[in-house]
Amino acid sequence: MNMPDRPTSLSPNLGLTIAVIPAYNEAGNITDIVERTKAYVDEVVVVDDGSIDRTSELAIRAGAKVLRHLINRGQGAAEQTGTDWALNQGAQFVIHIDADGQHDPADISNLLAPLATGDYDISLGSRFLGAAQNIPLARRLILGLGLIFIRAFTGLNLTDSQNGFRAMTRSTAQFIRITHDDMAHASEILDQIAEQKLRYVEVPVTISYSAYSLERGQSNLNSLRIVWRLIIEKFF
Amino acid sequence: MPIQWILTFFCLAALWSAISSWRQLQIDRRKLIGWGALWLVVIFIIWRPEVTSLLAGYAGVGRGADLVVYVAIAVLFFILFRVSRKIDRLERSLTGLVRALALTEPPENNQDDRK
């Protein structure tokens, strides 16, 4: 008989933990990030966001579950799809981690630790509490402006507002609803944390900037577009 | 003046486009009446520009041409805003559809298939 393939937790004390990796044409990185992430969670789900390369095939080979977006909808959309799937599987903790290799999966344990005690609802990775390797000056300036914007926009006092590496409890994942398909979703999540008065904590994480990750990440000009979109969405 | 004929030709083409869209059931009668009325009013103003001066006097604007520009800019911004909201709604519907399809399909995982 074919039973539904529902994963069980590797660590019963913690509960089922699923990592969501949104990926768009990440064939060059996906194997490495999936294999390294598998060691810290019970299940890895890669949301292939309409890739035209071998991302899906390589992710499957590396041992991830793969959901496919028929067309590219953006990182925020892919993260929400993966989160919905994780919740359907009964995940008690959901991790968001980038596919471009910027994040170090070894930090997942640190992100989960504050949630396991029940003191916090969501852990946000911070490269400025941890280590930001090879961060270009222009990116550092943009991130600084982002902090000022987030403080004015949400009231949250953070050290790193644009970090996509985060962990959340099941109830938090059910509360937060990403509606911004693009990179603006990172700020949208912070806005929802503030609105819902969720208990958040920043956790030091390592971000490794490489030529590849900088090329794949958002441009500095795009940051301005995101600010504009968030203001329009919030007030109009 | 040539400009009046050029603008009139443009308005008639736009009016014809609205009628064609209605005949092909792309827009309903209410929209046909709205667009039809708009282009007829524009044609009227092209040939009787003094009417705008009269309205400008009531509105406290110096010249009729200025009034037309102010109103046109306001209307264009309103239309732009509505179109942008509509595109946002469509984008969200599209994402919802793509997500529903992704979640309906069983996830792929070769390792499980090999069991």
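Quick note: structure is the one above.
Residues numbered from 1 in each chain as written. Chains lettered and ligands numbered in written order. Predicted model: local features only at pLDDT ≥ 70, side-chain atom pairs only at ≥ 80, totals over all residues. Heavy atoms only, no water.

Q: Quick question: what am I supposed to make of the environment of L87(A) here?
A: Relative to the assigned elements, L87(A) resides in helix α3 (residues 75-88). The spatial distance from the C-alpha of L87(A) to the C-alpha of A184(A) is 23 Å, given a sequence separation of 97 residues. (Helix = DSSP H or I, 4+ residues; strand = E, 2+ residues; numbered from the N terminus.)

Q: Before we go on, may I ask you to explain the layout of surface pockets in this structure?
A: Once rolled over the atoms, a probe with the size of a water molecule shows which space is left empty. Residue and element names in this part refer to chain B. Taken as a whole, the largest pocket encloses approximately 1,400 Å³ of empty space. W35, L38, W39, V75 and I79 are, among the 33 residues lining the largest pocket, the residues nearest its centre. Counting residues per element, the ones that place at least two in the lining of the largest pocket are α1 (2-23), α2 (29-47), α3 (50-59) and α4 (64-104). At 14 residues, the largest contribution of residues to the lining of the largest pocket is made by α4. The class makeup of the residues in the lining of the largest pocket is 24 nonpolar, four polar and five charged. (1 Å grid on protein atoms, 1.4 Å probe; cavity = no way out; pocket = protein on both sides within 12 Å on 5 of 7 lines; lining within 4 Å. Points joined across faces, edges and corners; volume = space filled by probe spheres on them. Nonpolar A, V, L, I, M, F, W, Y, C, P; charged D, E, K, R; others polar.)

Q: Looking at this model, I keep getting lost on empty space enclosed by the protein. Mind explaining?
A: All names here are of chain A. The final tally for this structure, using the stated rule, is one cavity of 30 Å³ or more. In this structure, the largest cavity encloses a volume near 50 Å³. What lines the largest cavity is simply L124, G125, D160, S161, Q162, N163, R166, A186, I189 and L190. Contributing elements (two or more residues each) for the lining of the largest cavity: β5 (122-133) and α7 (185-196). Counting residues per element, the lining of the largest cavity draws most heavily on α7, at three residues. In terms of residue class, the lining of the largest cavity is built from four nonpolar, four polar and two charged.

Q: Would you mind showing me how to read unusual backbone geometry here?
A: Note on backbone geometry: most residues besides glycine have negative phi, and most peptide bonds are trans. All names here are of chain A. Positive phi, close to 50°, is recorded for N25, a residue that is not glycine. Among the secondary structure elements, N25 is positioned in the loop between β1 (17-23) and α1 (30-38). One non-glycine residue, K197, adopts positive backbone phi at about 55°. Tracing the backbone shows K197 in the loop between α7 and β7 (200-208).

From the geometry alone we can't say anything about function, so treat these as descriptive.
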